[in-house]
Amino acid sequence: MTDQPYQNAEDVKGLQQHIMVLTGEEKRTVSQIIDRLPPLDIRRVDNETLNCVQVAAQNLPARLVKHLVRFRREPNDYGVLMFRNLPTDTDLPPTPEDGGRSREKSSFVSEYNLLLFLLFLGEPIAYEDEKQGLLIQNICPVKGQEKRQENTSSHYLNYHTEDGFHPHRPDHLALIGLRSDHEGVARTLTASIRQVLHDIPSTAISLLRQPLYRLFPSSSFNMGKDDYSVYLPVLSGSWLEPQMCVHFSSMTATRRDAKWALDTLRKALTQVGIGFHINPGDLLIIDNRLVAHARSSFQPKYDGKDRWLQRIFTVVDFHQSSFSRGRGQHVCSPLYADNTRKMVWDKPGVIQID
Ligand SMILES: O=C(O)CCC(=O)C(=O)O
Ligand SMILES: [Fe+2]
């Protein structure tokens, strides 16, 4: 799959007000908050830990908090919010080879940045089938998986809604940079439905609002292709400000006209793609209900110094997934065990087919 064109985030005029570069003083304040927090057991980020972080987050600089609370209530048309120049871990161990937990990482600045900022947007959520159910996950290239349509790849990763096939998919996802790729060419790409809606014919929009699309889980969820898929519309909710759920590699249309509509959307989205360089200490927050994201290709060396991001997911309505989680837990049951999978798309604004 070849890379798609994108515009550098710095060159998109209306976006600059949603990219905050922390001042020296703001960075020091965040650093001091993190210094006072206890060491983190990444396998057990429990409610007590989250409570403690959320109380500490009340001391974040007001300018940053203002952007977070506004983004939660009223996302901008790009569906993204970025903070640059956050404090970083001074002694970073090698990039995990398998994309799993780093056993050697002994400071938790990146993890605490993610928690401090994202707790303003919702409740963290994770999936037992994915990345060992960790609430904070490592995103790094894995040898042998270069071409997979997964976060472990290094070839072009196509536009997708995160875990769009999952009944409890994230409302927001956030990526923080720990290490850049060797050549500094990797870009996380975003494209929001709000950037393109007005350019798409109503014929296509009305097809995209019907459950004429099948979405297959990513291979990390260990489900057979015919074993599980959901029929769903690509667009739902408000006519003027719809939500979008899409995947340009693992979504198929069940009819010729529906395929045309999906292709029309794909072309429109890829034309407005924005490329973010996530440097160490940069945090990109994406509204997963509005935005499809992708990643440009890059060249890993598997030398311990490869690109390394960390990721967290949050949901606004945590209770909606309670059936799938144990008491006080944030990790959803495996998809093969989740009997909420037979989704009924009877939300207002979704046109049902006969
Ligand atoms: O590597 C990236 O920039 C993003 C990968 C991705 O799609 C994800 O982590 O969800
Ligand atoms: Fe993704």
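Residue numbers here run from 1 along each chain, matching the order of that chain's written sequence. Each chain takes a letter, starting from A, and each ligand takes a number, starting from 1, following the order in which they are written. It should be noted that, the model being predicted, local features are given only for residues of pLDDT at least 70 and side-chain atom pairs only at 80 or more, the latter also being counted only at that level, while totals for whole chains, interfaces and linings use all residues. Working from all heavy atoms in the structure, the side-chain values ignore hydrogens and water.

Asks: Even after reading the chapter, I still don't get the coordination of the iron ion (ligand 2), so can you show me in this structure?
Replies: Under perfect tetrahedral coordination by four donors, a metal shows angles of 109.5 degrees; under perfect octahedral coordination by six donors, it shows angles of 90 or 180 degrees. As a rule, N, O and S atoms within 2.8 Å of a metal are its donors, except that Na, K and Ca use 3.2 Å; water is not among the atoms, so sites may look incomplete. Of the protein atoms, only H160 (NE2), E162 (OE) and H293 (NE2) coordinate the iron ion (ligand 2), at distances of 2.0 to 2.1 Å. Mapping the donors of the iron ion (ligand 2) onto the primary sequence yields the spacing H-x1-E-x130-H. Of this pair, E162 sits in the loop between strand 7 (157-160) and strand 8 (172-179) while H293 is found in strand 17 (residues 291-295), placing the two residues 131 residues apart along the sequence. Only protein chains enter the area calculation, which uses a 1.4 Å probe; residues under 20% of their type maximum are buried, those over 50% are exposed, and those in between are partly exposed. A residue is classified by how much of its surface remains accessible, and E162, at 5% relative accessible area, is buried. Exposure remark for H293: the relative accessible area of 5% places this residue in the buried category. The secondary structure listing takes helices from DSSP runs of H or I that are at least 4 residues long and strands from runs of E that are at least 2 residues long, numbered from the N terminus.

Asks: Would you mind showing me how to read the sheet that holds strand 14 (residues 251-253) here?
Replies: Pairing between the strands of a sheet comes from backbone hydrogen bonds, and it takes one of two forms, parallel or antiparallel. Any two strands with at least two DSSP-identified bridges between them are counted as paired. Taking strand neighbours across the sheet as the criterion, the 3 strands line up as 11-10-14 in an open arrangement whose pairing is antiparallel. This sheet does not close on itself; its edge strands, each paired only once, are strand 11 (230-232) and strand 14. Averaged over all pairs of adjacent strands, the angle between strand axes in this sheet comes to 30°, irrespective of strand direction. As paired strands, strand 10 (residues 213-215) and strand 11 are joined by 3 bridges and run antiparallel to one another. In the strand pairing of strand 11, R214 is matched with Y231. What counts as an axis is a line fitted to C-alpha atoms, over the stretch in contact for a helix, and the angles between N-to-C directions run from 0 to 180 degrees.

Asks: What should I look at first to understand the confidence of the model for the protein in this one?
Replies: Close inspection of predicted coordinates is inappropriate for parts of the model with low pLDDT. Put simply, the protein has an average pLDDT of 93, and 94% of its residues get 70 or more. Ignoring residues within four places in sequence, the model shows residues 343-348, a span with pLDDT below 50, making 11 contacts including any to other chains. pLDDT gives the predictor's per-residue confidence on a scale running from 0 to 100. The contact definition used throughout considers only heavy atoms, calling two residues in contact when any of these lie within 4.5 Å.

Asks: Looking at this model, I keep getting lost on the site of ligand 1. Mind explaining?
Replies: Any residue with a heavy atom positioned within 4 Å of a molecule or strand is treated as near that molecule or strand. Taken together, I139, N151, L157, H160, E162, L175, T188, H293, R295, R307, L309 and R311 form the complete shell of residues around ligand 1. For accessible areas, the Shrake-Rupley method is used with a probe of radius 1.4 Å. Any residue's cover is judged against the shown protein chains and nothing else. Surface burial for ligand 1 is 99%, taken as the share of its 290 Å² of free accessible area covered by protein chains. Buriedness for pockets is judged along seven lines, at least five of which must meet protein on both sides within 12 Å for an open set on the 1 Å grid over protein atoms alone, while cavities are sets there where a 1.4 Å probe fits but cannot get out, and lining residues have an atom within 4 Å of a point. Think of it this way: if more than half of a molecule's atoms are within 2 Å of a pocket's grid points, that molecule is in the pocket or cavity. Judged by the fraction of its atoms near the pocket grid, ligand 1 is located in the largest cavity. If you list the elements that add at least two residues to the shell around ligand 1, you get strand 7, strand 17 and strand 18 (308-315).

Asks: I would appreciate a short explanation of empty space enclosed by the protein in the present structure.
Replies: Over the atoms rolls a probe the size of a water molecule, and in doing so it shows where empty space is left. Grid points are joined across faces, edges and corners, and a volume is the space filled by probe spheres set on the points. Scanning the entire structure with this criterion turns up 2 cavities of 30 Å³ or more. By volume, the largest cavity is sized at about 260 Å³. Forming the walls of the largest cavity are 23 residues, and the residues nearest its centre are N151, L157, H160, E162 and R311. Contributing elements (two or more residues each) for the lining of the largest cavity: strand 7, strand 8, strand 17 and strand 18. Ranked by residue count, the leading element in the lining of the largest cavity is strand 17, at 3 residues. Each residue gets one of three labels, nonpolar for Ala, Val, Leu, Ile, Met, Phe, Trp, Tyr, Cys and Pro, charged for Asp, Glu, Lys and Arg, and polar for the others, Gly among them. For the lining of the largest cavity, the residue count by class is 7 nonpolar, 9 polar and 7 charged.

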